[in-house]
Amino acid sequence: GLDPGRPTVAVASHWTPLGNLRRFGAALPGAILSALPQANVLQTGHPNVWQRVRYDIADPRASLLSRAVRRLRRELAPYDYASLFRSLEAVARAEPRFRLLSPDRTFDSLAAADVLVTDWSSVTVEFTLFDKPIVLHRPPQLRPFDRELDAAYFAASHAFTELGEVGPALAEALSAPDARRKGRESLRDLCLEF
């Protein structure tokens, strides 16, 4: 039901606290809609977000005490998924250029997209198969598990840290779609076997 003549931005997210959905919520698609007033925006995310999981990826470098504190914090103050989905559904009702898609529609959104706004989700790697621009949310507190993979993600994308930076990163990505082609190829070749 969206105009195929408009540029389309797919927004994907991991389920962890540093992922797009949990860090920015509906503010991220809102910022994209404002920055690109002619674009369609398709928001999806990891199945764990839709299933409202209460766990996160364990950091093998974390101490036993910090793991226990994180677990206690999650149990006492779980993430408010109900509020997240209410705010996303409100955007969908108010904005005809926005669609909230369940994870089973992720590949539909990737195939339709001219650019992907993502985080450290594996969807980023899969999107390299389309050879289209990637805009990567790189939170300042991110501690990558693998330095080579971190460098490959960064080389493949136009990065942003804070919400106000997503518009300029998208403008840069859409104005020069081939600028990070070699980086996308390297990320694809590092992570996918043909």
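Here, the structure is the one placed above.
Model, not experiment: these values are computed from the prediction.

(A) Structural detail: the pattern of salt bridges. In this structure the tally under the stated criterion is 9 salt bridges. The partner of Glu162 in a salt bridge is Arg23, and the shortest N-O contact between them spans 3.2 Å. Here Arg23 lies in helix H1 (residues 20–24) and Glu162 lies in the loop between strand S6 (158–160) and helix H9 (166–175), a separation of 139 residues in the sequence. Notably, a salt bridge pairs Glu95 with Arg97, separated by 3.1 Å at the nearest N-O pair. Just as Glu95 is buried, Arg97 falls in that class too. Among the charged side chains, a salt-bridge network with shared partners connects Asp131, Asp178, Arg181 and Arg184.

(B) Representation of the sheet that holds strand S2 (residues 40–43) within the structure. Read across the open sheet, the 6 strands follow the order S3-S2-S1-S4-S5-S6; overall the sheet is parallel. The sheet is open, and its two borders are formed by strand S3 (98–100) and S6, each paired with just one other strand. Averaged over all neighbouring strand pairs, the angle between strand axes comes to 20 degrees, with direction disregarded. Summarising the sheet, strand S5 (residues 134–137) and S6 pair through 3 bridges and their orientation is parallel. Following the sheet pairing, Val135 is matched in S6 by His158. Packed onto the sheet, helix H5 (residues 81–94) meets S2 and S3 and runs at close to 145 degrees relative to S3.

So, how was this worked out
Residues numbered from 1 in each chain as written. Predicted model: local features only at pLDDT ≥ 70, side-chain atom pairs only at ≥ 80, totals over all residues. Heavy atoms only, no water. Salt bridge = Lys/Arg side-chain N within 4 Å of Asp/Glu carboxyl O. Helix = DSSP H or I, 4+ residues; strand = E, 2+ residues; numbered from the N terminus. Buried < 20%, exposed > 50% of the residue type's maximum accessible area, 1.4 Å probe, protein only. Pairing = 2+ DSSP bridges. Axes fitted to C-alpha atoms, helices over the stretch in contact; angles between N-to-C directions. Contact = heavy atoms within 4.5 Å.

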